Amino acid sequence: MLNYIWAFMILLGITVGAFTGNMGNVSTETLNSAKEAVSLCITMLGVMSLWTGLMGVARGCGLMEKLTRIMMPVIRILFPTLPKDHVVNEYIASNMIANILGLGWAATPVGIKAMKELKVINGGKTAASVDMCTFLIVNMSSLQLIPVNIIAYRSQYGSVTPSSILAPAILATTCSTLAGVAFSMIMRKRGDRK
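These numbers were taken from a predicted model, which means no experiment stands behind them.

### Here we look at the layout of surface pockets
Okay, step 1: Reported here for the largest pocket is a volume of approximately 200 Å³.
Okay, step 2: Forming the boundary of the largest pocket are 14 residues, of which Met 96, Ile 100, Val 138, Leu 143 and Thr 177 lie nearest the centre.
Okay, step 3: Put simply, the parts of the chain that give the lining of the largest pocket at least two residues each are helix H3 (63–78), helix H4 (87–100), helix H6 (130–141) and helix H8 (166–193).
Okay, step 4: When residues in the lining of the largest pocket are grouped by element, the largest group, four residues, is from H4.
Okay, step 5: When grouped by side-chain class, the residues that make up the lining of the largest pocket number nine nonpolar, five polar and no charged.

As structure tokens, then:
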């Protein structure tokens, strides 16, 4: 569906440019945007490499294991029906830690592993379990202490103080996470009553 929306917007822009006599501007801006996209990708690749590397170091020195143990009480509250010694707990904790540190790139692979394990626990059903929905809500709302993506974007586009977004980002993601967790717990209790 998204492909159709993008295709429609591109065709609409070209059509408007042709009818208004601005095809030269459309061509120029298309090339400038392509150049800017490549430059942004290179910047983001550097940021991603740095933080993914730091996550690898944290995992290698045992820090992730310690953080996972610290996260277990939160995981038990959010996912009370999961088996305590199942590997999915480690995947969920790693995903949450990576998201808290603003490392969406590092969070994605373990998030996919967590979802696959949750599907196995769900008996391979095609309908999502309550735990799968809870994980998705927590993952999407994700509290972030360091919004790496936004800081990198702001830096790329010439912001004088790219990290000035920290306090508003922490406030916004805290509110979204609390709302997501509250919604998830209400829906879990509602489901338990049925």
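### Quick word on the environment of Met 115
Okay, step 1: Inspection of the secondary structure assignment puts Met 115 in helix H5 (residues 104–121).
Okay, step 2: Placed 24 residues apart in sequence, Met 115 and Tyr 91 show a C-alpha to C-alpha distance of 8.9 Å.
Okay, step 3: If sequence neighbours within four positions are ignored, Met 115 has contacts with Met 132, Phe 135 and Leu 136.

### Quick notes on the packing of H4 against H6
Okay, step 1: Running from N to C, H4 and H6 point in directions that differ by 20°, and their axes come no closer than 9 Å. When the interaxial angle is binned, H4 and H6 end up roughly parallel. At the point where H4 passes H6, the crossing takes the left-handed sense. Contact with H4, carried on its side by Ile 92, Asn 95, Met 96 and Asn 99, involves Phe 135, Val 138 and Asn 139 of H6 and no other residues of that element.

### Looking at the pattern of salt bridges
Okay, step 1: In the structure shown here, the tally under the stated rule is two salt bridges.
Okay, step 2: Linking Glu 65 and Arg 69 is a salt bridge whose minimum nitrogen-to-oxygen distance equals 3.3 Å. One end of the pair, Glu 65, and the other, Arg 69, are both in helix H3, four residues apart, so they sit about a helical turn from each other. Of the two residues examined, Glu 65 and Arg 69, each falls in the exposed class.
Okay, step 3: A salt bridge links Asp 131 to Arg 188; the nearest nitrogen and oxygen atoms lie 2.7 Å apart. Here the residue Asp 131 occupies a position in helix H6, and Arg 188 occupies one in helix H8, the gap between them amounting to 57 residues. Across this residue pair, the class does not change: Asp 131 and Arg 188 are buried.

### Describing the side chain of Asn 89
Okay, step 1: Position of Asn 89 relative to the elements: it lies in helix H4.
Okay, step 2: Asn 89 sits in the buried class, given a relative accessible area of 2%.
Okay, step 3: Contacts of Asn 89, omitting those with residues within four sequence positions, involve Met 72, Ile 75, Arg 76, Leu 82, Pro 83 and Lys 84.

### Section: the side chain of Ser 142
Okay, step 1: Mapped onto the elements, Ser 142 comes out in the loop between H6 and helix H7 (148–156).
Okay, step 2: Since its relative accessible area comes to 9%, Ser 142 is described here as buried.

### Quick word on the nonpolar core
Okay, step 1: In terms of nonpolar packing, the biggest core is built from 30 residues, with Ile 75, Phe 79, Ile 92 and Met 96 touching the most fellow members.
Okay, step 2: Among the secondary structure elements, those contributing two or more residues to this core are helix H2 (23–60), H3, H4, H5, H6 and H7.
Okay, step 3: If we skip the residues at most four places from it in the chain, Phe 79 touches Ile 92, Asp 131, Thr 134, Phe 135 and Arg 188.

### Quick notes on the environment of Ile 92
Okay, step 1: Structurally, Ile 92 can be placed in helix H4.
Okay, step 2: For Ile 92, a relative accessible area of 0% translates into the label buried.
Okay, step 3: Placed 14 residues apart in sequence, Ile 92 and Leu 78 show a C-alpha to C-alpha distance of 11 Å.
Okay, step 4: In this view, Ile 92 contacts Ile 75, Phe 79, Leu 82, Ala 114 and Phe 135; residues no more than four positions away in its chain are not counted.

### Focus: H5
Okay, step 1: Taking 1.5 Å per residue as the helical rise, H5 with its 18 residues ought to reach 26 Å, and the 25 Å between its terminal C-alpha atoms agrees with that figure.
Okay, step 2: Regarding H5, the residues found buried are Ala 106, Ala 107, Val 110, Gly 111, Ala 114 and Leu 118.
Okay, step 3: Contacts from the buried residues of H5 go to H2, H4 and H6.
Okay, step 4: Of the residues one or two after H5, Gly 123 is the one with positive phi, at around 80°.

Rules behind the numbers
- Residues numbered from 1 in each chain as written.
- Predicted model: local features only at pLDDT ≥ 70, side-chain atom pairs only at ≥ 80, totals over all residues.
- Heavy atoms only, no water.
- 1 Å grid on protein atoms, 1.4 Å probe; cavity = no way out; pocket = protein on both sides within 12 Å on 5 of 7 lines; lining within 4 Å.
- Points joined across faces, edges and corners; volume = space filled by probe spheres on them.
- Helix = DSSP H or I, 4+ residues; strand = E, 2+ residues; numbered from the N terminus.
- Nonpolar A, V, L, I, M, F, W, Y, C, P; charged D, E, K, R; others polar.
- Contact = heavy atoms within 4.5 Å.
- Axes fitted to C-alpha atoms, helices over the stretch in contact; angles between N-to-C directions.
- Parallel < 35°, antiparallel > 145°, perpendicular 65-115°, else oblique.
- Left-handed = near helix turned anticlockwise from the far one by under 90°.
- Salt bridge = Lys/Arg side-chain N within 4 Å of Asp/Glu carboxyl O.
- Buried < 20%, exposed > 50% of the residue type's maximum accessible area, 1.4 Å probe, protein only.
- Core = buried A, V, L, I, M, F, W, Y, C linked by side-chain atoms within 4.5 Å.
- Expected span 1.5 Å × (residues − 1).

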